[in-house]
Amino acid sequence: MPQQHGAWAMLVVPPVVGAVMSGVTWRHALLLVAWLVAYLAYNAVGLWLRSGRKARYLPPVRAYGIAAVLVGGALLVVTPGLLVWAPVYAVLLGVSLTASVRRADRSWSNDAVTVVAACLMTLVAAGLGSRAPAQAARSAVVLAAVVLLAYFWGTVLYVKTMIRERGRRDVLAWSIGYHVAIAAAGFVVHPLLGGVGVLLAARAAVVPRRWPRATPKAIGIGEIVATTAVAVVTLAVL
């Protein structure tokens, strides 16, 4: 099982936001299950590749791979239109697995790929909604995806200042500056988004200095709470 606690929030929130904004249907439940199983398969394959293709890492690859094919196949049977997203996700998956082969799965570029893949699920889920999408509704969903993308990229910066790049003043400065800029942009969209952005900027500035050695589990739980707040506000204002 994946050990990144905060990753689960990034996986779940975009499709849930897209579903709520477009009208929740039973297809969204199948989409979410398929997406989570696909992530488990992706994680297992990545671990296998990073290990140098050691045989002891193959059982989860087989198990999650078969499950992903079965659930994903069922999803495509009832929603064949989702195939339009296949080329996009094939490219993102190829780039990310190449990073795993190079053991660069924690690189900035791979982080960007995973964030983009997750946030695009907002649009994917919105395409399965029960309401016919008017132009204004489509624009709101795209804006929601952009908000989530901006937020989750900020979490990449913030988490790196707490773990892999801890103690690097330049990364901390970039993280704080980015969050301040996002807070300012949030106020342009809606005061509540700006307010959440201010809280996130404060966290980016204070937590790495005050609690520099927080455990990964504590950081992940904090991300889940912050992500929930961002999702709720996004749905409320958009």
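Check the entry above for the structure.
Basis of the calculations
- Residues numbered from 1 in each chain as written.
- Predicted model: local features only at pLDDT ≥ 70, side-chain atom pairs only at ≥ 80, totals over all residues.
- Heavy atoms only, no water.
- Phe/Tyr/Trp six-rings, centres within 6.5 Å; stacked < 30°, edge-to-face > 60°.
- Lys NZ or Arg CZ within 6 Å of the ring centre and 35° of its normal.
- Salt bridge = Lys/Arg side-chain N within 4 Å of Asp/Glu carboxyl O.
- Buried < 20%, exposed > 50% of the residue type's maximum accessible area, 1.4 Å probe, protein only.
- Axes fitted to C-alpha atoms, helices over the stretch in contact; angles between N-to-C directions.
- Helix = DSSP H or I, 4+ residues; strand = E, 2+ residues; numbered from the N terminus.
- Parallel < 35°, antiparallel > 145°, perpendicular 65-115°, else oblique.
- Left-handed = near helix turned anticlockwise from the far one by under 90°.
- Contact = heavy atoms within 4.5 Å.
- Nonpolar A, V, L, I, M, F, W, Y, C, P; charged D, E, K, R; others polar.

Trainee: Tell me about the packing of aromatic side chains, and name the residues and values.
Mentor: Inspection of every chain in the model, using the stated rule, returns 5 aromatic pairs. Taken together, the ring pairs in this structure connect Trp8, Tyr39 and Tyr42 into an aromatic cluster. The ring of tryptophan 108 carries lysine 160 above its face, with NZ or CZ at 4.9 Å from the centroid. In this structure, arginine 203 packs its charged tip against the face of tyrosine 158, placed 4.1 Å from the ring centre.

Trainee: Account for the pattern of salt bridges, with residues named and values stated.
Mentor: Per the counting criterion, the structure on display carries 6 salt bridges. For glutamate 165, the salt bridge goes to arginine 168, with nearest N and O atoms at 3.1 Å. We classify glutamate 165 as buried; its relative accessible area is 15%. Between glutamate 223 and arginine 203 there is a salt bridge; the shortest N-O distance is 2.9 Å.

Trainee: Quick rundown of the packing of helix H8 (residues 191–210) against helix H9 (residues 216–237)? Include the residues and the values.
Mentor: Angle between the axes and distance between the axes are the two parameters that describe a pair of packed helices. Running from amino to carboxyl end, H8 crosses H9 at an angle of 165°, the nearest separation of the two axes being 9 Å. The orientation of H8 relative to H9 falls into the category roughly antiparallel. For the element pair H8 and H9, the recorded crossing hand is left-handed. Taken together, the residues of H9 that come into contact with H8 (itself represented by Leu192, Leu193, Val196, Leu200 and Arg203) are Gly222, Glu223, Ala226, Val230, Val233, Thr234 and Val237. Taken together, the residues of the contact of H8 with H9 sort by class into 8 nonpolar, 2 polar and 2 charged.

Trainee: So what's going on with the environment of isoleucine 182? Residues and values would help.
Mentor: For isoleucine 182, the location among the structural elements is in helix H7 (residues 169–189). Accessibility expressed as a relative area gives 29% for isoleucine 182, which makes it partly exposed. Once the C-alpha coordinates of isoleucine 182 and valine 198 are considered, the two residues, 16 residues apart in sequence, prove to be 8.6 Å apart.

By themselves, these are just geometric observations and shouldn't be taken as functional.
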